[in-house]
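# Observations on the three-dimensional arrangement
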There are 2 protein chains.
Amino acid sequence: MKHLFSLLTLLMLAVTAAAEAPYRHVVFFKFKDSASTEQVQAIEQDFVALARKVETVKGFEWGTNVSPEGLNDGFTHCFLVTFADKAGLEVYLPHPAHGEFVSKLKPLLDKVCVVDYVAR
Amino acid sequence: MKHLFSLLTLLMLAVTAAAEAPYRHVVFFKFKDSASTEQVQAIEQDFVALARKVETVKGFEWGTNVSPEGLNDGFTHCFLVTFADKAGLEVYLPHPAHGEFVSKLKPLLDKVCVVDYVAR
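These notes cover the structure that comes with them. What you see as residue numbers is a count from 1 along each chain, following the sequence as written. Here chains are named by letter from A upward and ligands by number from 1 upward, in the order in which they appear as written. Given that the model is predicted, a residue must reach a pLDDT of at least 70 before its local features are reported, and side-chain atom pairs must reach 80 or more before they are shown or counted; all residues, however, enter totals for whole chains, interfaces and linings. The side-chain numbers reported here are obtained from all heavy atoms of the structure, hydrogens and water having been left aside.

It is worth spelling out the sheet that holds strand β1 (residues 23-31) of chain A at this point. All names here are of chain A. In spatial order, the strands read β2-β3-β1-β4; together these 4 strands make up an open sheet with antiparallel pairing. Since the sheet does not close on itself, it has two edges, and those belong to β2 (57-64) and β4 (109-118), each with one partner. Taken over all neighbouring pairs, the strand axes of this sheet differ in orientation by 15° on average, direction set aside. For β1 and β4, the ladder comprises 9 bridges, and the chain directions are antiparallel. Following the sheet pairing, F29 is matched in β4 by V112. Should DSSP find at least two bridges between two strands, the strands are taken to pair. For the purposes of this entry, the term helix denotes a DSSP run of H or I that reaches at least four residues, the term strand denotes a run of E that reaches at least two, and both are numbered from the N terminus. To get an axis, fit a line to the C-alpha atoms, keeping to the stretch in contact for a helix; angles then go from 0 to 180 degrees between the N-to-C directions.

Set out below in structure tokens:
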């Protein structure tokens, strides 16, 4: 019984630790040269709106590149989407609102790079 | 006088807004195939130590790629370094500890991508 209690305590600690480590979805965009300023701004606002539509999105921020290092490989935008866990992303990716966003984005996009990580 | 007061109020609001928007430094790494697991782990820990050494670093987290999308272009690591503002980065980049870290990193690195943004 004592061992079972210790085991349950350890399991609870593990679950708590996992719950505290957010799942980050980091997205870099480079738009086509042919994309107009208005089209790019519309995508920025659409991404903001998308994040509000999907309830598993727990945090969202974005900005345009201001790095002085010149190591951005042409990428001009970063979007940081936070989920509680991978299950949150798995709701987001197939969500109809995400599909609509990607359909509008694709014709304007030169390239994308996505890295997800569980924050340590 | 009233106009001066209004102007000062607006300036204060602008400064406050800027102070609340953190400066994010997002770094993706892809290591060379020849880099051993031990060498990669040493770099991970060195980056953690570097963040502790530079006092303008206000936040730091990292993780390895777990995205199911396959859009990571070979990048396996993301480091998210937060500064209060661009001046914080400008202390970090030329810091001797940063120089030492980069010297150790470079022989092991295949490629890097860096995007900085002021969070909106």
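Let's pick the thread back up.
Before going further, it helps to examine the sheet that holds strand β2 (residues 57-64) of chain B. Residue and element names in this part refer to chain B. Pairing is antiparallel in the open sheet, where 4 strands are placed in the order β2-β3-β1-β4. Of all the strands in the sheet, the pair left with one neighbour each is β2 and β4 (109-118). In this sheet, neighbouring strand axes are inclined to one another by 15° on average, regardless of whether the strands run parallel or antiparallel. Note: β2 against strand β3 (residues 77-83), 7 bridges, orientation antiparallel. Among the inter-strand pairings, G63 is bridged to a residue of β3, identified as C78. Contact criterion: two residues are considered in contact whenever any of their non-hydrogen atoms come within 4.5 Å of each other. Contacts between helix α2 (residues 37-53) and the sheet are confined to β1 (23-31), β2 and β3, with β2 contributing the most and set at about 165° to the helix.

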